[in-house]
2 protein chains.
Amino acid sequence: MTSLLDDLRVALGDSAVLTDPGETAGYSSDWRRLYSGRPLAVIRPRDTAGVAAAVKLCAEAGVSIIPQGGNTSMVGGAVPSDDGSEIVLSLERMRALREIDTVDLTMTVEAGVTLAAAQAMAVEAGMLLPLSISSEGSAQIGGVLATNAGGNNTLRFGNARDLVLGLEVVLADGQIWQGLRHLHKDNTGYALRQIFVGSEGTLGIITAAVLRLQPGVTARATAFCALPSVEQALALLARLRARDAGALHAFEYMSGGSVDLVLAEIEGTACPVDPAPHFILVDCATSGPQAAAASLADMLEGVLGEALEAGELTDAALAQNDAQRLAFWKIREEHAEAQKRAGASIKNDISVPLAALPDLMQAATAACQALVPGIRIAPFGHLGDGNIHFNLVQPEGADGAGFLAQSDALMDAVADVVQRLSGSFSAEHGVGRLKTGMMKSWRGGVELGLMQRIKAALDPASLLNPRVIFPAEQAED
Amino acid sequence: MTSLLDDLRVALGDSAVLTDPGETAGYSSDWRRLYSGRPLAVIRPRDTAGVAAAVKLCAEAGVSIIPQGGNTSMVGGAVPSDDGSEIVLSLERMRALREIDTVDLTMTVEAGVTLAAAQAMAVEAGMLLPLSISSEGSAQIGGVLATNAGGNNTLRFGNARDLVLGLEVVLADGQIWQGLRHLHKDNTGYALRQIFVGSEGTLGIITAAVLRLQPGVTARATAFCALPSVEQALALLARLRARDAGALHAFEYMSGGSVDLVLAEIEGTACPVDPAPHFILVDCATSGPQAAAASLADMLEGVLGEALEAGELTDAALAQNDAQRLAFWKIREEHAEAQKRAGASIKNDISVPLAALPDLMQAATAACQALVPGIRIAPFGHLGDGNIHFNLVQPEGADGAGFLAQSDALMDAVADVVQRLSGSFSAEHGVGRLKTGMMKSWRGGVELGLMQRIKAALDPASLLNPRVIFPAEQAED
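Reading the values: the criteria
Residues numbered from 1 in each chain as written. Chains lettered and ligands numbered in written order. Predicted model: local features only at pLDDT ≥ 70, side-chain atom pairs only at ≥ 80, totals over all residues. Heavy atoms only, no water. UniProt positions renumbered as here; feature names shortened; annotations may be inferred. Helix = DSSP H or I, 4+ residues; strand = E, 2+ residues; numbered from the N terminus. Rg over C-alpha atoms; globule rule 2.2 N^0.38 Å. Buried < 20%, exposed > 50% of the residue type's maximum accessible area, 1.4 Å probe, protein only. Contact = heavy atoms within 4.5 Å. Areas by Shrake-Rupley, 256 points an atom, 1.4 Å probe, with all protein chains shown as cover. Lys, Arg positive; Asp, Glu negative; His and termini not counted. Charge placed at Lys NZ, Arg CZ, Asp CG, Glu CD. Pairing = 2+ DSSP bridges. Axes fitted to C-alpha atoms, helices over the stretch in contact; angles between N-to-C directions. Domains from an automatic or database assignment. Buried area = accessible area lost by both parts, 1.4 Å probe. Salt bridge = Lys/Arg side-chain N within 4 Å of Asp/Glu carboxyl O. Polar contact = N/O pair within 3.5 Å; in protein donor to acceptor, adjacent residues only side chain to side chain. Phe/Tyr/Trp six-rings, centres within 6.5 Å; stacked < 30°, edge-to-face > 60°. Least-squares fit on C-alpha atoms with pLDDT ≥ 70 in both. Parallel < 35°, antiparallel > 145°, perpendicular 65-115°, else oblique. Left-handed = near helix turned anticlockwise from the far one by under 90°. Nonpolar A, V, L, I, M, F, W, Y, C, P; charged D, E, K, R; others polar.

Within an unreviewed UniProt entry, the label attached to chain A reads FAD-binding oxidoreductase, and the organism entered is Acidisoma cellulosilyticum. For the record of chain A, the UniProt heading Sequence similarities (unreviewed entry) holds the text "Belongs to the FAD-binding oxidoreductase/transferase type 4 family."

Caption draft 1: Looking closely at the overall build of chain A. The secondary structure content of chain A amounts to 19 helices and 19 strands. Relative to the compact-globule value of 23 Å for 477 residues, chain A shows a C-alpha radius of gyration of 23 Å, a close match. Dimensions of chain A along its principal axes, counting C-alpha atoms only, are 70 × 55 × 45 Å. Sorting the 477 residues of chain A into buried and exposed places 62% on the buried side. Of the contacts made within chain A by residues no fewer than 6 positions apart, 73% connect residues no fewer than 24 positions apart. Accessible surface, chain A: about 16,600 Å² in total, of which carbon and sulfur atoms supply 49%. Of the charged side chains in chain A, 35 are positive and 55 negative, and the gap between their average positions amounts to 3 Å.

Caption draft 2: Spotlight on the sheet that holds strand E5 (residues 97-101) of chain B. Residues and elements named next belong to chain B. Across the sheet, which stays open at both edges, the five strands sit in the order E5-E6-E10-E8-E9 with antiparallel pairing between neighbours. Two strands in the sheet have a free side with no partner beyond their single neighbour: E5 and strand E9 (176-179). Each strand of the sheet is rotated relative to its neighbour by a mean of 15 degrees, with strand direction disregarded. Of the strands in this sheet, E5 and strand E6 (106-110) are in contact with helix H4 (residues 115-124), which crosses E6 at around 145 degrees.

Caption draft 3: Layout of the UniProt feature "domain: FAD-binding PCMH-type" (unreviewed entry) in chain A. UniProt's entry tags residues 35-216 of chain A with the feature "domain: FAD-binding PCMH-type" (unreviewed entry), counted in the numbering of this structure. This span, residues 35-216 of chain A, is 24% helix and 24% strand, and a straight line between its end C-alpha atoms measures 39 Å.

Caption draft 4: Fine view of the domain arrangement of chain A. Residues and elements named next belong to chain A. Along its sequence, chain A is carved into domain 1 (2-90), domain 2 (97-215), domain 3 (219-335) and domain 4 (343-420). Each of domain 3 and domain 4 has a C-alpha centre, and these two points are 24 Å apart. On the side of domain 4, 16 residues touch domain 3, which itself brings 16 residues to the contact. Its largest share of buried area at the contact with domain 4, domain 3 owes to Leu-234, Tyr-253 and Leu-261, together 39% of the area lost on that side. Here domain 3 is connected to domain 4 by zero salt bridges. Summed over the shared surface of domain 3 and domain 4, the result is four residue pairs in polar contact (both at pLDDT 80 or more). Counting only elements with at least two residues in the side of domain 3 that touches domain 4, the list comes to helix H9 (230-244), strand E13 (248-255) and helix H10 (256-265). Among the elements that take part in the side of domain 3 that touches domain 4, H9 stands out by supplying six residues, more than any other.

Caption draft 5: Quick peek at the packing of aromatic side chains. All names here are of chain A. For the structure on display, the rule yields ten aromatic pairs over all chains. Seen in terms of ring centroids, Phe-224 and Phe-279 are 5.7 Å apart; in terms of plane orientation they differ by 50 degrees. Their pairing is tilted. Of this pair, Phe-224 sits in strand E12 (residues 219-227) while Phe-279 sits in strand E14 (residues 278-286), and the two are 55 residues apart along the sequence. Here Phe-224 and Phe-279 have matching classes, each one buried. Each residue in the set Phe-224, Phe-279 and Phe-328 is aromatic and connected to the rest through ring pairs, giving one cluster.

Caption draft 6: Representation of the relation of the copies chain B and chain A within the structure. For the match of chain B to chain A, the screw axis carries a shift of 0.0 Å, the RMSD comes to 0.0 Å, and the turn is 180 degrees. The transformation relating the two chain copies, once decomposed into turn and shift, fits a two-fold axis. Within chain B, B:Gly246 has its C-alpha nearest the rotation axis, a separation of 1.9 Å. Both copies contact each other with a shared surface, as 99% of the interface residues of chain B are interface residues in chain A too.

Caption draft 7: Broad picture of the environment of A:Arg220. Residue and element names in this part refer to chain A. Mapped onto the secondary structure, Arg-220 falls in strand E12. Arg-220 sits 74 residues away from Ala-294 along the chain, and the two C-alpha atoms are 9.7 Å apart. Excluding residues within four positions of it along the chain, Arg-220 makes contact with His-249, Asp-283, Cys-284, Ala-285, Leu-296 and Arg-325.

Caption draft 8: Representation of the side chain of A:Asn148 within the structure. Examined against the element boundaries, A:Asn148 turns out to sit in the loop between helix H5 (141-146) and helix H6 (154-157). Its relative accessible area of 5% is what places A:Asn148 among the buried residues. A polar atom in the side chain of A:Asn148 sits 2.8 Å from the backbone nitrogen of A:Arg161. There is a polar contact of 2.9 Å between the side chain of A:Asn148 and the side chain of B:Asn187. Every residue in contact with A:Asn148, bar those within four places of it in the chain, is listed here: A:Asn159, A:Ala160, A:Arg161, A:Val197, A:Gly198, A:Glu428 and B:Asn187.

Caption draft 9: View of the pairing of strand E19 (residues 387-393) of chain A. Residues and elements named next belong to chain A. With seven of its seven residues buried, E19 lies for the most part within the structure. As paired strands, strand E16 (residues 345-346) and E19 are joined by two bridges and run antiparallel to one another. Within E19, the position partnered with Ser-345 by the bridge is Val-393. As defined by bridge partners, strand E17 (residues 349-351) adjoins E19 across three bridges and the pair is classed as antiparallel. The residue of E19 that forms the bridge with Asp-349 is His-389. Across seven bridges, the pairing between strand E18 (residues 376-382) and E19 is antiparallel. If you follow Gly-381 over to E19, its bridge partner there is Ile-388. In sequence, E18 turns back onto E19 through a hairpin of four residues, with Gly-386 there showing a positive phi of about 75 degrees.

Caption draft 10: Representation of the sheet that holds strand E4 (residues 87-90) of chain B in the model. All names here are of chain B. Overall, mixed pairing links the four strands, which are arranged E1-E2-E4-E3 in an open sheet. Because the sheet does not close on itself, it has two edges, and the strands there are strand E1 (17-18) and strand E3 (65-68). As judged from the three bridges shared by strand E2 (residues 41-43) and E4, these two strands associate in the parallel manner. Following the sheet pairing, Ile-43 is matched in E4 by Leu-89. Running at roughly 170 degrees to E4, helix H3 (residues 48-61) makes contact with E2, E3 and E4 of the sheet.

Caption draft 11: Spatial organisation of the packing of helix H18 (residues 446-458) of chain A against helix H18 (residues 446-458) of chain B. Where H18(A) meets H18(B), the axes come as close as 9 Å, and the angle between the chain directions of the two elements is 140 degrees. Here H18(A) lies oblique to H18(B), going by the angle between them. Two packed elements cross with a definite hand, and for H18(A) against H18(B) that hand is right-handed. Along the contact surface, H18(A) presents A:Leu450, A:Arg453, A:Ile454, A:Ala457 and A:Leu458, while H18(B) presents B:Leu450, B:Arg453, B:Ile454, B:Ala457 and B:Leu458. Split into classes, the residues belonging to the contact of H18(A) with H18(B) amount to eight nonpolar, no polar and two charged.

Caption draft 12: Geometry of the environment of B:Gln452. Residue and element names in this part refer to chain B. Turning to its location among the elements, Gln-452 is positioned in helix H18. You can call Gln-452 partly exposed: its relative accessible area is 22%. Sequence-wise, Gln-452 and Thr-286 are 166 residues apart; in three dimensions their C-alpha atoms are separated by 44 Å.

Caption draft 13: Geometry of the interface of chain B and chain A. Contacts between chain B and chain A engage 82 residues on the former and 81 residues on the latter. Roughly 6,500 Å² of surface becomes buried between chain B and chain A when both sides are summed, with 57% attributable to carbon and sulfur atoms. Contact with chain A buries surface across chain B, with B:Lys185, B:Asn187 and B:Tyr190 losing the most and accounting together for 16% of the total. Scanning the region where chain B abuts chain A turns up eight salt bridges. One can count 42 residue pairs in polar contact (both at pLDDT 80 or more) joining chain B with chain A. Of all the elements in the fold, those that place two or more residues in the side of chain B that touches chain A are helix H6 (154-157), helix H7 (160-163), E9, helix H8 (192-196), helix H9 (230-244), helix H17 (436-443) and H18 of chain B. The leading source of residues in the side of chain B that touches chain A is H18(B), at nine residues. Taken together, the residues that form the side of chain B that touches chain A break down as 34 nonpolar, 30 polar and 18 charged.

Put into structure tokens, the structure is as follows:
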């Protein structure tokens, strides 16, 4: 392998090839510290040609590559093996905004730009990049696309997949596919970009993308609502959608129990409405002039009034200014941190058809409580997409390790409910290494076979991010 | 082949296997009559199991299958060869609405349901299937998805691709992929549905789909606008998008010349505004109650007033009732018919980035006029998506055949401009058989290679719709 490292140093420059364990440590385990490995080296090319040259050298040497963006995977999506045989390829130095088009509402960014930086570039040009996730300060565009990230605005603008018009991808053999088209309509053969988006780095390495933007937001109207039931949350969603689906940017759910954890654990938080078993954060937005802002606020206030009368809400607060709006969102955004502080916790990133949400909540809660009396059920998430982070926190004062020992049983219990309701075991985080074991029973047979045929067609030697998506016994076929 | 036909009759029933030339003629040429063939048989299975059984028998016999929906392809997308060796598989008998979900806003329909019938099913349940194309009365869901149809509402809701949550597909070997999921978020491996959508029947046969719906439309506001230039059309689009992108359902362009043809050829049409070199039809919609309808009309009137003041418009008419609205749309919808009546014509279904539209119009017009003095340049289409049907009509009183003899030169002239502007030679109609010759120069090299690898992985014997998408010399590799 010395000769590969030498070749990589020649191709990329010495400073782009890290082998010192002190330097590579930050790239060697996932964000949740579920996995850690030891790479042969971490390489950090500055441009697409560098990525292509490095991939070609690795392919010739038969060395696997783990593409890595902001390394914020929740499922161990970008971790090298622990035997020192794999190269981590970080895109972090590819940070150029190649082009931004205010007529076509598109931007062309390189893979290493963080999502937050890309959002800021769009805002600076008077536009909106309508994708927002908790890790946006670290997550990079390449990883966001490779995992088809979702987040808060999917309800209105779709997942990462829906924002991509074009891609530049380095293939497993080092060839570059130059597909950076800016076209809103283009039916000239297979939609290759859609194959790479969501493939978790197993089919090619995304080096740049053309993303669809929206007109910049000029005003928002935000409400924090208390509700008696999940059914009523669905009724409120239908009411808002019918009134102005285009203005509805987010419809976020928080259970009473999960809000209680935030209020207890996070300083400076206060619930703006009466206590309730369920809460919804509604965010509406407009790109129009002042008159549009006023009518947006009127619209939301009117809908909430109707919902109160109809008994869908028990209380609601409209943000009167930006500070209040941020305070509302802080409660939503501090959920992960509050759960972390409350002790050991288990994460389930699941989705079901919307109509099945009440059943999901009830059945999964009962199943978990039966397994661990006193367990704190703390679901929250993107109710408008049917996507709930059905998280579970240890009973107060209990032993964290003992709770985590029940992890498999609890996750299985939730998964059984989700499977009965025709849902997904990974709504937005992807499969990574964490969930490969579920692929056979959930997506096995014909579907997994199709995926394997595509993998074999595009990466026949299985050099790109091995061990993710595919169950081990299948990957070894 | 007799034994294959016998086996098909046993599997599907005698009445599902047509071999009489009188019966098969309607399935043997494309809608535009560009191609015609002679099939071994036309088979019409009633259900997915029948499709699977038939495909398996054909695969075992090594006989190619041409999947066919409404047979409204503009590019020869579903025509059998003329040597009697191929089977046409019509989905027209699979017309069930399997499920419709008013909470989740989804419908599950079989491939043979016409788009218009699916729209009507959605309306009946109080919802909107937001896809509209000229051929919707005949086009079937399977073909609509296999070609990733676009149309009038893509600007707001995306192409067919963007509406698909799940698919059921019969693969080349007769296996059934059951992927009819109803989930708005699901990141569990490769997005297989995206591979089949737009693949023009070359990778599998779509038998059913789960489609995303929208709340039903309660009111519309529609305006017919006269504009001095394409630049001003872009300015008007930006103004409308900023004011209420969610309400803007269509933004359709018609050149002065193409409207003149409609007024001359189609009875009962009258231009609702002053003559102009360019026209735009704006359609806004809401799902809200009466108050929302009133504010929608106010919004559109306000924006048009501002645009008039800014000189973007020279005239505008707001539809005062449904009859006026339909009269405005009739002018847009009769473009193809008017051009047909005006003599020989040539169709170019192209797209460019929006900012390049003025350049496209000017340069392509000049190039065509230089080749054929007196040629009638009649572009129209989905300006908001950068997609123009840059159609060309013979000079008045000229010889049609003589004009069509110039067809290649004229299409090349337009294509040269489009290629310089980084556009597409097929924005929404697909490649079919008509445009395979363009694939090598426009999408050749790495990109076409990737498509071929995927084709080989999913249909190794190349039995599904051979001769479309891939250029002949490549398909024979």
